Amino acid sequence: MTPSYAMSAYQNAIQTTPPLQAVVLLYDGVLVRLRNAADAAGRGDFGEQFNQILRATDILRGLLAALDQGQGGELANKLRDTYEANMRAMMSSVGRTNAQDCLQRIADGLRELRNAWSEIAGMPLLEATAEPR
């Protein structure tokens, strides 16, 4: 998935889903890919781990590209920094012996953000042990 494809997917989601719900669904997509990457790392399938991380980072790039730095102010800056730090951490986990723990910590932090957006959108929260649908 290329960055332009990620942005296109984000814009398509916005056209068919209310914006706040679309953001929550995109976070769900990242969480699914992180779980898949952690599973692959546990099996020693580092190629699949890398592919899943690329898909997760593409979604985060789409969210990053959609940030309005002019209107979002400090919140947009913090989200930008968070997305960028998470993308770097995901990429650095590939092939590491502690990849599953690293990816779980990333997922835990992104789940908190997802749930914050979910509360604003009036959608159900995602428990730490639950799987995004």
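Use the structure listed above.
Positions within a chain are numbered from 1, following the residues in the order the chain's sequence is written. Note on the predicted model: pLDDT of at least 70 is required for a residue's local features to be given, and 80 or more for side-chain atom pairs to be given and counted; whole-chain, interface and lining totals, by contrast, use all residues. With hydrogens and water stripped out, all remaining heavy atoms of the structure feed into the side-chain values.

A.B. asks: Residues and numbers for the overall build of the chain, please.
C.D. replies: Across its full length, the chain holds 5 helices and 0 strands. If you list the helices and strands of the chain from N to C, you get α-α-α-α-α. Burial classes follow relative accessibility: with a 1.4 Å probe on protein chains only, a residue under 20% of its type's maximum area counts as buried, one over 50% as exposed, and anything between as partly exposed. Across the 133 residues of the chain, 39% fall into the buried class. In the chain, the proportion of contacts linking residues at least 24 apart, taken out of those at least 6 apart, comes to 63%. Each helix corresponds to a stretch of at least 4 residues labelled H or I by DSSP, and each strand to a stretch of at least 2 residues labelled E; elements are numbered beginning at the N terminus. Here, residues are in contact when the closest pair of their heavy atoms is within 4.5 Å.

A.B. asks: Could you give an account of the packing of helix 2 (residues 19-43) against helix 3 (residues 46-66), naming the residues involved and the relevant values?
C.D. replies: Inter-axis angles, ranging from 0 to 180 degrees, are taken between N-to-C directions of lines fitted to C-alpha atoms, where helices are fitted over the stretch in contact. Interaxial distance between helix 2 and helix 3 falls to 8 Å at its minimum, and their mutual angle equals 165°. Taken together, the axes of helix 2 and helix 3 lie roughly antiparallel to each other. Regarding helix 2 and helix 3, the two cross each other, and that crossing is left-handed. Of the residues in helix 3, those in contact with Val23, Leu26, Tyr27, Gly29, Val30, Arg33, Asn36, Ala37, Ala40, Ala41 and Arg43 of helix 2 are Phe46, Glu48, Gln49, Gln52, Ile53, Arg55, Ala56, Ile59, Leu60 and Leu63. Split by residue class, the contact of helix 2 with helix 3 holds 13 nonpolar, 4 polar and 4 charged. Here the word oblique covers every angle except those under 35 degrees (roughly parallel), over 145 (roughly antiparallel) and from 65 to 115 (roughly perpendicular). Less than a right angle of anticlockwise turn of the near helix away from the far helix marks a crossing as left-handed, whereas a clockwise turn marks it as right-handed. For this classification, Asp, Glu, Lys and Arg are treated as charged, while Ala, Val, Leu, Ile, Met, Phe, Trp, Tyr, Cys and Pro are nonpolar and the rest, including Gly, are polar.

A.B. asks: Could you give an account of the packing of helix 4 (residues 69-93) against helix 5 (residues 99-121), with specific residues and numbers?
C.D. replies: Two elements in contact, helix 4 and helix 5, have axes separated by 9 Å at closest approach and are oriented at 155°. In terms of their interaxial angle, helix 4 and helix 5 are classed as roughly antiparallel. As helix 4 runs across helix 5, the sense of the crossing is left-handed. Mapping the contact onto sequence places Leu79, Thr82, Asn86, Ala89, Met90 and Ser93 in helix 4 and Ala99, Cys102, Leu103, Ile106, Leu110, Leu113 and Trp117 in helix 5. A per-class count over the contact of helix 4 with helix 5 returns 10 nonpolar, 3 polar and no charged.

A.B. asks: Lay out the nonpolar core with the relevant residues and their values.
C.D. replies: Counting residues in hydrophobic clusters, the biggest one holds 25 residues, and the most contacted among them are Val30, Leu34, Tyr83, Met90, Leu103 and Leu110. Those elements that place two or more of their residues in this core are helix 2, helix 3, helix 4 and helix 5. Examining the composition of this core, we find that 8 residues originate from one element, helix 2, more than from any other. To form a nonpolar core, buried Ala, Val, Leu, Ile, Met, Phe, Trp, Tyr and Cys residues must be joined to one another through side-chain atoms within 4.5 Å.

A.B. asks: An account of the packing of aromatic side chains is requested, with residue identities and associated values reported.
C.D. replies: We call Phe, Tyr and Trp rings a pair once their centres come within 6.5 Å, taking the six-membered ring for Trp, and we label the pair stacked below 30 degrees between planes, edge-to-face above 60, and tilted otherwise. Tallying each qualifying case throughout the model produces 1 aromatic pair. Here the aromatic rings of Tyr27 and Tyr83 are separated by 6.4 Å at their centres, their planes lie at 55°, and the arrangement is tilted. Taken as a pair, Tyr27 in helix 2 and Tyr83 in helix 4 lie far apart in primary sequence, 56 residues in all.

A.B. asks: Provide a residue-level description of the pattern of salt bridges, including the pertinent values.
C.D. replies: Definition used for salt bridges: Asp or Glu carboxyl oxygen within 4 Å of a side-chain nitrogen of Lys or Arg. Counted according to the given criterion, the structure contains 5 salt bridges. Of the charged contacts in the structure, one is a salt bridge between Asp45 and Arg43, with a shortest N-O distance of 3.9 Å. In this structure Arg43 comes out as exposed when scored by relative accessible area, which is 57%. The closest approach of N and O atoms between Arg61 and Asp58, which form a salt bridge, is 2.7 Å. Taken together, the residues span about one helical turn, with Arg61 and Asp58 both in helix 3 at a distance of 3 residues.

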